[in-house]
Amino acid sequence: MKKGLLLVAICLSIFFNSCSNDDDAAPSLQGKWEYFKEGTANSTGQEFLTNYEHQSGCTKDYSNITASTIIDHSFFGSTCEEEIFSTPYTRNGNTISITSEGETFTAEIKTLDSNTLKIYATDPDFPGIIDVTVFKRIN
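The shown structure was predicted, so the numbers you read here are calculated from the model rather than taken from an experiment.

**Q** What's the story with the overall build of the protein chain in this structure? I'm lost.
**A** Looking only at helices and strands, one finds one helix and nine strands in the protein chain. Counting helices and strands in the order they occur from the N terminus, the protein chain gives α-β-β-β-β-β-β-β-β-β. Counting all 139 residues of the protein chain, 24% fall into the buried class. Once local pairs closer than 6 in sequence are excluded, the contacts in the protein chain between residues at least 24 apart make up 37%.

Following this line, the structure appears as structure tokens:
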């Protein structure tokens, strides 16, 4: 009987120690994300993606996302000139909203895990077209 209770106690100890809040932690949107794929999706969700084309010989384009700002880094030209564009954003669930020059744009996070961020965005001028951007985490 004592062996049975000891075995149950050990099993319960292992069970409760192996379950932690870390397992339930959602991946963070914050971090450095390299452009990976881009394209469109139709209304049924079928995606048409190609590899993102970085400027040959330059640092790869990426976005650094903080708690409140998206800082986009693009490299172009024969001298790999860097252009940085920074804009504040808000997040509500899986929706990201950005206001630029008085116009608000929204995007939906379709995938967010430890390595991949996929965003669907629609342009208010072309509501039938869904732009898809896929990023890979680089830090």
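**Q** Quick question: what am I supposed to make of the side chain of Thr69 here?
**A** As for its placement among the helices and strands, Thr69 is situated in strand E4 (residues 69-76). When sequence neighbours within four positions are dropped, the list of residues in contact with Thr69 reads Asn64, Ser86, Thr87, Pro88 and Tyr89.

**Q** Would you take a moment to explain the packing of aromatic side chains for this structure?
**A** The description of an aromatic ring pair uses the distance of the two centres, along with the angle that the planes make with each other. Applying the stated criterion across every chain, the model contains three aromatic pairs. Note on Tyr35 and Phe135: the rings are 4.7 Å apart at their centroids and 55° apart in plane angle, and the pair reads as tilted. With Tyr35 in strand E1 (residues 31-41) and Phe135 in strand E9 (residues 126-137), the pair connects residues that are 100 residues apart, well separated along the chain. Exposure remark for Tyr35: the relative accessible area of 15% places this residue in the buried category. The buried category is assigned to Phe135, whose relative accessible area is 7%.

**Q** Sorry if this is basic, but what is going on with the nonpolar core here?
**A** Inside soluble globular proteins, nonpolar side chains tend to come together where they are buried. Judged by nonpolar contacts, the single largest core of 14 residues is most densely connected at Leu29, Ile65 and Leu117. Mapped by element, the contributors of at least two residues to this core are E1, strand E7 (103-112) and strand E8 (116-123). The leading source of residues in this core is E7, at three residues. Not counting the four nearest positions on each side in its chain, Ile65 is found in contact with Leu29, Gln30, Gly31, Trp33, Ile70, Tyr89 and Leu117.

**Q** I'm lost on the state of the cysteines in this one. Help?
**A** Here is the idea: a disulfide is a covalent bond, and it sits between the sulfur atoms of two cysteines. Counting across every chain of the model gives one disulfide. One disulfide in the model links Cys58 with Cys80; its S-S distance is 2.0 Å. Residues Cys58 and Cys80 are joined by a disulfide whose S-S torsion is about -85°; by sign, that bridge is left-handed. Pair noted here: Cys58 is in the loop between strand E2 (47-51) and strand E3 (62-65) and Cys80 is in the loop between E4 and strand E5 (81-92), with a separation of 22 residues, a long-range link. Its relative accessible area of 13% is what places Cys58 among the buried residues.

**Q** Explain the pattern of salt bridges to me, please; I cannot follow it from the model alone.
**A** A side chain with one charge may pair with a side chain of the opposite charge, provided their charged atoms come close. Enumeration over the complete set of coordinates arrives at three salt bridges. For the salt bridge of Lys60 with Glu34, the shortest nitrogen-to-oxygen distance reads 3.8 Å. One end of the pair, Lys60, is in the loop between E2 and E3; the other, Glu34, is in strand E1, with 26 residues separating them in the sequence. Residue classification places Lys60 among the partly exposed residues on the basis of a relative accessible area of 44%. When the shortest N-O distance is used, the salt bridge between Glu108 and Lys110 registers 3.7 Å. With relative accessibility at 36%, the residue Glu108 sits in the partly exposed group.

Thresholds, definitions, all that
- Residues numbered from 1 in each chain as written.
- Predicted model: local features only at pLDDT ≥ 70, side-chain atom pairs only at ≥ 80, totals over all residues.
- Heavy atoms only, no water.
- Helix = DSSP H or I, 4+ residues; strand = E, 2+ residues; numbered from the N terminus.
- Buried < 20%, exposed > 50% of the residue type's maximum accessible area, 1.4 Å probe, protein only.
- Contact = heavy atoms within 4.5 Å.
- Phe/Tyr/Trp six-rings, centres within 6.5 Å; stacked < 30°, edge-to-face > 60°.
- Core = buried A, V, L, I, M, F, W, Y, C linked by side-chain atoms within 4.5 Å.
- Disulfide = S-S within 2.5 Å.
- Salt bridge = Lys/Arg side-chain N within 4 Å of Asp/Glu carboxyl O.

Spatial relationships are all this shows, so hold off on functional conclusions.
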